[in-house]
Amino acid sequence: MEVRDLVKDYPRVRAVAGVSFDIEEGEIFGLLGPNGAGKTTTIRMLLTLVQPTSGSIQIFGIDAVADPGRVRNLAGYVPQDVSVDGELTGWENMLMYAQLYDVPSQGRKTLIDEAMGYMGLSDRMNDMVNKYSGGMMRRLEIAQTLVNRPKMLYLDEPSIGLDPNARRVIWEHIEKLRQEFGTTILITTHDMNEADRLCNRIGIMDRGRLVAVGAPAQLKTELGGDIVTVTAQSADCLSKLRESGYSIMAGPANGHVDVVMQDGEKQIPRLMEMLHSCGVVVESVSVKKPTLDDVFLHFTGARIEQGDSFAKVKQTRRTFKRLS
Amino acid sequence: MNIGLRKYFRRTMTLAEFEIRKLLHDQTQVWIRVVQPALWLLVFGEAFSKLNVIPIGNYTYLQFLTPGVLAQSAMFVAIFYGINLVAERDAGLLNKLLSTPTPRSAIVVGKAFAAGLRGIVQAVAVFILALIIGVHISLNPLHLLGVLLFVIFLGMFFSSLSMCLASLLRTRERVMGVGQALMMPLFFASNAIYPSTILPGWLKAIVIVNPLSYVIDGMRGLLVTNDLSKLPVDLLVIVFTSVVMMALASWSLKRIIS
């Protein structure tokens, strides 16, 4: 899949502001971002549900804007909201979609039984869906897409609202899908664990833009080292750190300051010395390897003081340094 | 093209089939919806039979009223059909449906056809009720087939109108409100409970543009008077208007999402 300069304008907002990315065949690609970042709008454009304002989408060599019908035939979609009909049985929900995707009636029953068995729903096939649990509904939704054997599967927040156990089951199923059918999968999520665990590559979206793309491990490396969290009572801890040229990530929150540095363990003594000489009383220090959560904060600046972006904070700090 | 047409037809039928299956799973609403037409026949009909104030020629008032109530029961079900569409949009069902290779118009036609079939269930209930209370109506199978045709197109017209409203109004409450605001005026400004000849001129004008009048007129001919002279016109009007309305609903469908 090749997406270039995708833009979607709504009357009052620009939901997607020029997004470009590629997805390789057979990979799980994750769009990660806070609510309202434009993930769902992007998926809807890829699904041909919404016309892009500008930009191009090529899926398996087909132009999705010019030829939506063929793209739909290749796609399977599990929306964020529950999309199975509670007033029908699980089996009927399956049958309806099999018929809408023109699955030939010969062998259809076997196909549905298999898909439901595959998703672990065999014993509840003939129950009304409004008696299903949230996890079962999600599994039924994924089973529905299987009857079409989609080459491209879109999962919008697949584990939203599920308990940890159901979430783990869904993850296992998604991984199995890719392994067994080689399905290319695009998921959107705001759950870091999910992105880290499932995706080969992720793209971080913020306010309609794609701010970073890469494998989770690669993005963590790009962050520039370990995260050292300093807790201190003194109010000037942060400013002292800045003056000394340390790279501050997010905070300060409740007296914590996150500092990004290479080889955190080795650098701590020097850091302590510096703070001590400035008269800052340090209560505790901890070091951790960056998680996707930190990467996310780094790129979106979601928790940075006064809502400023990371870049802006960095710029302020540089200006401050020059003046002093 | 031939294959395309067959696929289109099959998808339409699929959508209709599952609407009906939903109805079969929960039949309570069928029975609830029979109450109102039953009241019209049993209370309103019986009372006005005694009064003899409505000029209807050589027939009893209940004979005159039965086709009107039959049409009304089918129409009242169909005019709120758009609410389902809003509910499906809210639930995410509609988005998924639109991501399948199903054309938008097939979704509209399928649901409209289901509303027509749904109307038949109501009409049959009213028909049986009318027979029970001894209303003299035609049992000619060909005539009854004609009545079924009218009921289906009536359901298709009003459900498409309702889907159109749903696409433009976008919320359940508004569709409900506008449906309520439309249904009684359309019922009263028709020939359902009195001949339109007794109405003042401006109301007669509404009767003429009200598709419900043509359906009732056609059904009255088939069930009561045996006067089939206006049947082709009546049928043509309702078929034509429902096709136009389905086209409008297909066109406006994209507005309900996004």
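Residues numbered from 1 in each chain as written. Chains lettered and ligands numbered in written order. Predicted model: local features only at pLDDT ≥ 70, side-chain atom pairs only at ≥ 80, totals over all residues.

**Q** Honestly, the overall build of chain B in this entry has me stumped. Any pointers?
**A** Each helix and strand in chain B was counted, giving 11 helices and 0 strands. Helices and strands in chain B line up, N terminus first, as α-α-α-α-α-α-α-α-α-α-α. A compact globule built from 258 residues would reach a C-alpha radius of gyration of about 18 Å, and chain B, at 18 Å, matches this within 12%. With respect to the three principal axes, the spread of C-alpha positions in chain B is 55 × 35 × 35 Å. The buried share of chain B, reckoned over its 258 residues, is 46%. For chain B, the proportion of contacts with a sequence separation of at least 24, taken over those separated by at least 6, is 82%. (Helix = DSSP H or I, 4+ residues; strand = E, 2+ residues; numbered from the N terminus. Rg over C-alpha atoms; globule rule 2.2 N^0.38 Å. Buried ≥ 20, exposed ≤ 12 C-beta atoms within 10 Å, placed from the backbone. Contact = placed C-beta atoms within 7 Å.)

**Q** How do you make sense of the confidence of the model for chain B when you look at a structure like this?
**A** The predicted structure's coordinates, where accompanied by low pLDDT, should not be read in detail. Per-residue confidence for chain B averages 92 on the pLDDT scale, and 98% of its residues sit at or above 70. With a pTM of 0.83, the predicted complex shows an ipTM of 0.89. (pLDDT = per-residue confidence, 0-100.)

**Q** Which parts of the structure should I look at to understand the interface of chain B and chain A?
**A** Note on interface size: it is often stated as the accessible area lost on association of the parts. Facing the 20 residues of chain B at the interface are 23 residues of chain A. Those elements that place two or more of their residues in the side of chain B that touches chain A are α1 (2-25) and α5 (93-99) of chain B. It is α1 of chain B that provides the largest number of residues to the side of chain B that touches chain A, a total of 7 residues.

**Q** Would you explain the domain arrangement of chain A in this entry?
**A** Residues and elements named next belong to chain A. Taken as a whole, chain A is organised into domain 1 (2-214) and domain 2 (220-323). Computed over C-alpha atoms only, the centres of domain 1 and domain 2 are separated by 38 Å. Looking at the side of domain 1 that touches domain 2, the elements that each hand over two or more residues are α7 (192-198), β9 (201-206) and β10 (209-214). Per-element accounting of the side of domain 1 that touches domain 2 gives the leading share, 3 residues, to α7. Along the lines of polarity and charge, the residues of the side of domain 1 that touches domain 2 split into 7 nonpolar, no polar and 2 charged. (Domains from an automatic or database assignment. Nonpolar A, V, L, I, M, F, W, Y, C, P; charged D, E, K, R; others polar.)

**Q** How should I be thinking about the environment of Tyr214 of chain B in this particular structure?
**A** Residue and element names in this part refer to chain B. As for its placement among the helices and strands, Tyr214 is situated in helix α10 (residues 211-225). A residue is classified by how many C-beta atoms lie within 10 Å of it, and Tyr214, with 25 of them, is buried. With 19 residues separating them along the chain, Tyr214 and Val233 place their C-alpha atoms 8.1 Å apart. The residues contacting Tyr214, other than those within four sequence positions of it, are Asp234, Val237 and Ile238.

**Q** Teacher, can you tell me more about helix α3 (residues 90-100) of chain A here?
**A** Residues lying three or four places apart along an α-helix face the same way, a consequence of the helix completing one turn every 3.6 residues. Residues and elements named next belong to chain A. Across the 11 residues that make up α3, a large majority, 10, are buried. Of all the residues in α3, the buried ones are Gly90, Glu92, Asn93, Met94, Leu95, Met96, Tyr97, Ala98, Gln99 and Leu100. One or two positions beyond α3, positive phi appears at Asp102, with a value near 60°.

**Q** Help me understand the environment of Gly36 of chain A, please; the structure alone is not making it clear to me.
**A** Residues and elements named next belong to chain A. Structurally, the position occupied by Gly36 is in the loop between β3 (28-32) and α1 (39-46). With 14 C-beta atoms counted inside 10 Å, the residue Gly36 sits in the partly exposed group. Measuring from C-alpha to C-alpha, the distance between Gly36 and Met205 comes to 9.6 Å, with 169 residues separating the pair along the chain.

**Q** Is there a simple way to explain the pairing of strand β13 (residues 256-261) of chain A in this structure?
**A** Side-chain direction in a regular strand flips from residue to residue, so the side chains alternate between the two faces of the sheet. Residue and element names in this part refer to chain A. Pairing of strand β11 (residues 226-232) with β13 involves 6 bridges; the strand directions are antiparallel. The residue of β13 that forms the bridge with Ile227 is Val260. The sheet contact formed by strand β12 (residues 247-248) and β13 spans 2 bridges and is antiparallel. Along β13, the bridge assignment pairs Ser247 with Val260. (Pairing = 2+ DSSP bridges.)

**Q** Help me understand the pairing of strand β7 (residues 152-156) of chain A in this model?
**A** Residues and elements named next belong to chain A. The element β7 is largely enclosed, with a buried count of 5 among its 5 residues. Residues of β7 alternate between two faces, with Met152, Tyr154 and Asp156 on one and Leu153 and Leu155 on the opposite face, all of them buried. Bridge analysis of strand β6 (residues 75-78) against β7 gives 4 bridges, and the strand direction is parallel. Bridged to Tyr77 within β7 is Tyr154. Note: β7 against strand β8 (residues 184-189), 5 bridges, orientation parallel. Counterpart to Leu153 in the pairing with β8 is Ile185. Crossover β7 to β8 through helix α6 (residues 164-181) is right-handed. (Right-handed = clockwise from strand over helix to strand, strands pointing away.)

**Q** Where do I start with the sheet that holds β13 of chain A in this structure?
**A** All names here are of chain A. Spatially, the 4 strands line up as an open sheet ordered β12-β13-β11-β14, and their pairing is antiparallel. With partners counted over all chains shown, the strands left at the sheet margins are β12 and β14 (282-288), one partner each. Seen against the sheet, helix α10 (residues 264-277) touches β11, β13 and β14 and runs at an angle of roughly 160° to β14. (Axes fitted to C-alpha atoms, helices over the stretch in contact; angles between N-to-C directions.)

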